[in-house]
Amino acid sequence: MPAEEGHQSPETVLNAPALRALIENAVDAIISVDEKFRIILFNQAAEKMFGYPADEMLGKGLELLIPNRFRGDHTAQMKTFGETGQTRRRMGKLGLINGLRSDGGEFPVEASITRSPNDGRTVYSIILRDVSERMQIEGELVAQRNLYAMLSKTSQAISQAQNPEALFKTVCEIAVEHGRFTFACVWLIDEGREVIVRTENCGI
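In this report, the structure presented in the accompanying data block is examined.

Reading the values: rules and limits
The residue numbers shown here count from 1 along each chain, following its written sequence. Note on the predicted model: pLDDT of at least 70 is required for a residue's local features to be given, and 80 or more for side-chain atom pairs to be given and counted; whole-chain, interface and lining totals, by contrast, use all residues. Here the side-chain values reflect all heavy atoms present in the structure, with hydrogen atoms and water set aside. By the criteria applied, helices consist of DSSP H or I runs no shorter than four residues and strands consist of E runs no shorter than two, each listed in order from the N terminus. Partly exposed residues are those whose accessible area sits between 20% and 50% of the maximum for their type, while under 20% is buried and over 50% is exposed, using a 1.4 Å probe and protein chains only. For this analysis, residues touch if any pair of their heavy atoms sits within 4.5 Å. The accessible surface values rely on the Shrake-Rupley method and a 1.4 Å probe; as for residues, cover is taken only from the protein chains in view. The definition of a nonpolar core used throughout is a set of buried Ala, Val, Leu, Ile, Met, Phe, Trp, Tyr and Cys residues joined through side-chain atoms within 4.5 Å. What counts as an axis is a line fitted to C-alpha atoms, over the stretch in contact for a helix, and the angles between N-to-C directions run from 0 to 180 degrees. Any angle between 65 and 115 degrees counts as roughly perpendicular, while under 35 counts as roughly parallel, over 145 as roughly antiparallel, and the rest as oblique. In this scheme the handedness of a crossing depends on how the near helix is turned from the far one: anticlockwise by less than a right angle means left-handed, clockwise means right-handed. Charged residues are taken to be Asp, Glu, Lys and Arg, nonpolar residues to be Ala, Val, Leu, Ile, Met, Phe, Trp, Tyr, Cys and Pro, and polar residues to be all remaining types, Gly included. A pair of Phe, Tyr and Trp rings is counted when the ring centres sit within 6.5 Å of each other, with Trp represented by its six-membered ring. The angle between the planes then sorts it: under 30 degrees is stacked, over 60 is edge-to-face, the rest tilted. Lysine and arginine charges are scored as sitting over a ring when NZ or CZ, respectively, is within 6 Å of the ring centre and within 35 degrees of the ring normal. Only strands that DSSP links by at least two bridges are regarded as paired with each other. An expected span of 1.5 Å times one less than the residue number is assigned to each helix.

1. A few points about the overall build of the chain
- When helices and strands are counted, the chain shows seven helices and seven strands.
- In sequence order, the chain lays out its α and β elements as α-α-β-β-α-α-α-β-β-β-α-α-β-β.
- Evaluated residue by residue, the chain yields a buried proportion of 32% over its 204 residues.
- Across the chain, every contact between residues at least 6 apart in sequence was considered, and the portion connecting residues at least 24 apart equals 39%.
- In the structure as shown, the chain presents an accessible area of about 13100 Å², 53% of it carried by carbon and sulfur atoms.

2. Considerations on the environment of Ser-152
- Take Ser-152: it is sitting in helix α6 (residues 132-160).
- Remark: the alpha-carbon pair of Ser-152 and Ile-174, spanning 22 residues in sequence, is separated by 9.8 Å.

3. Some remarks on the nonpolar core
- Within the largest apolar cluster, 25 residues are counted, with the highest numbers of intra-cluster contacts made by Ile-31, Val-33, Phe-42, Phe-50, Leu-65, Met-78 and Leu-128.
- Mapped by element, the contributors of at least two residues to this core are β1 (29-33), β2 (39-42), α3 (44-50), α4 (54-57), α5 (68-84), β4 (106-118) and β5 (121-130).
- Not counting residues up to four positions away in its chain, the partners in contact with Met-78 are Val-33, Phe-37, Leu-62, Ile-113, Tyr-124 and Ile-126.
- Grouped together as the second largest cluster of nonpolar side chains are eight residues, Leu-167, Ile-174, Ala-175 and Val-186 included.

4. Structural notes on the packing of α6 against helix α7 (residues 164-177)
- In contact at an axis separation of 9 Å, α6 and α7 are set at 165° when each is read in the N-to-C sense. Judged by the inter-axis angle, α6 sits roughly antiparallel to α7. Relative to α7, α6 is oriented so that their crossing is right-handed. Within the contact between the two elements, α6 uses Met-150, Lys-153, Thr-154, Ala-157 and Ile-158 and α7 uses Leu-167, Thr-170, Val-171, Ile-174 and Ala-175.
- Residue classes in the contact of α6 with α7 are distributed as seven nonpolar, two polar and one charged.

5. What about the packing of aromatic side chains?
- The full count for this structure, using the stated rule, is three aromatic pairs.
- An aromatic cluster is present here, built from Phe-42, Phe-50 and Phe-107 joined pairwise through their rings.
- The side chain of Arg-101 reaches across the aromatic face of Phe-107, ending 3.8 Å from its centre.

6. Examining the environment of Ile-126
- For Ile-126, the position within the fold is in strand β5.
- Spatially, the C-alpha atom of Ile-126 lies 9.9 Å from that of Asp-28, the residues being 98 residues apart in sequence.

7. Let's talk about the pairing of strand β7 (residues 195-203)
- The sheet contact formed by strand β6 (residues 183-190) and β7 spans eight bridges and is antiparallel. Residue pairing across strands places Ile-189 opposite Ile-196, the latter belonging to β7.
- In textbook terms, the turn of a hairpin is the stretch between consecutive antiparallel strands, and for β6 and β7 this stretch comprises four residues, one of which, Glu-194, has a positive phi near 55°.

8. Description of the side chain of Thr-154
- Among the structural elements, Thr-154 can be located in helix α6.
- Discounting chain neighbours no more than four positions away, the residues touching Thr-154 are Val-171 and Ile-174.

9. Notes on α6
- Taking 1.5 Å of rise per residue, 29 residues should cover 42 Å, and α6 covers 42 Å from first to last C-alpha, within 8% of that figure.
- Taken as a whole, α6 has its buried residues at Asn-146, Met-150, Thr-154 and Ala-157.
- Along its buried surface, α6 packs onto α7.

Written as structure tokens, this is what we have:
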């Protein structure tokens, strides 16, 4: 529906030259939707992040970018935000959510949302940042810390062990508790029967 004389539609405001240039050159993905959560702006960073060209996304529902199993909850949060200005998380924050690329791949993003009234209508603008690489690095650092903790605890256990059987049990428990392994076990060679035998285990 055309905007009334003397007023600019949300689409017109979002396409003002200076603002448009700022949005298009932003590092983070910026997506704006109308009151029915139909996309009215999809910047270059969003194109790169989700793998869709902007002209293909305009008019499409925002749920297209959300994995199917999360769509109901996400839509409910958006509606709540539209009515109250709050989400179930921190105000204006969607926090960490999952995005869905055009090829079907999922990835973690941090998202924040704002709403702007304009001529009796409301525009929602969402800023998204792909945190896949950061989370991978954080995961590797956690795994490294767990490994160091496991090795340290294992060294202590070896120095304090009273007998091999007790040591094997302790080492398995350390691997699960401090190394964060799902399962750990110790196998010994039975030279007489030429087989290996599991002597101790811990975990699932």
